Amino acid sequence: MKHLKDHKTTYWKHLGFALMLSFRLLVLSMAGVIHAIIPYIFQKTVTSGVKDLDNLFEEHVGNYGGTK
């Protein structure tokens, strides 16, 4: 697969990273919905979670040969 070769990874590593990322995005999405309804909880959860994911992508972009 071209996508995997472009990112210099295996199917299994890609699967694990994509599933982990999807799960974290799902959790952040649920926290965002709850925060929208009840603003005094999860006040910084989504913001800090997105920053963490950005840092995670920064680490993997170099390792997987992507560009930024």
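Residues numbered from 1 in each chain as written. Predicted model: local features only at pLDDT ≥ 70, side-chain atom pairs only at ≥ 80, totals over all residues. Heavy atoms only, no water.

(A) Up close: the overall build of the protein chain. In terms of helices and strands, the protein chain carries three helices and zero strands. The order of helices and strands in the protein chain, counted from the N terminus, is α-α-α. Buried residues in the protein chain amount to 16% of all 68 residues. Here the contacts in the protein chain between residues at least 6 apart in sequence split such that 47% fall between residues at least 24 apart. When the accessible surface of the protein chain is totalled, it reaches about 5400 Å², and 67% of it is carbon and sulfur. (Helix = DSSP H or I, 4+ residues; strand = E, 2+ residues; numbered from the N terminus. Buried < 20%, exposed > 50% of the residue type's maximum accessible area, 1.4 Å probe, protein only. Contact = heavy atoms within 4.5 Å. Areas by Shrake-Rupley, 256 points an atom, 1.4 Å probe, with all protein chains shown as cover.)

(B) The nonpolar core, seen in detail. Core analysis: the biggest nonpolar cluster contains five residues, these being F17, L21, L28, L53 and L56. No other element matches the three residues that helix α2 (residues 11–37) contributes to this core. (Core = buried A, V, L, I, M, F, W, Y, C linked by side-chain atoms within 4.5 Å.)

(C) Region of interest: the packing of aromatic side chains. Considering all chains together, one arrives at two aromatic pairs under this definition. Taking 5.0 Å as the distance between ring centres and 85 degrees as the angle between the ring planes, the aromatic pair formed by Y11 and W12 counts as edge-to-face. By relative accessible area, which is 46% here, Y11 ends up partly exposed. Its relative accessible area of 65% is what places W12 among the exposed residues. Measuring from centroid to centroid gives 5.9 Å for F17 and F57, while their planes differ by 90 degrees, and the two rings are edge-to-face. Highlighted residues: F17 in helix α2 and F57 in helix α3 (residues 45–64), separated in sequence by 40 residues. What makes F17 buried here is its relative accessible area of 18%. (Phe/Tyr/Trp six-rings, centres within 6.5 Å; stacked < 30°, edge-to-face > 60°.)

(D) Representation of a nonpolar patch on the surface within the structure. Residues V33, I34, I37, I38, Y40 and F42 make up a contiguous nonpolar surface patch of roughly 590 Å² in combined accessible area. Residue placement: I38 occurs in the loop between α2 and α3. (Patch = residues over 30% accessible without salt bridge, like charges linked within 9 Å, V, L, I, M, F, W, Y side chains within 5 Å. Salt bridge = Lys/Arg side-chain N within 4 Å of Asp/Glu carboxyl O.)

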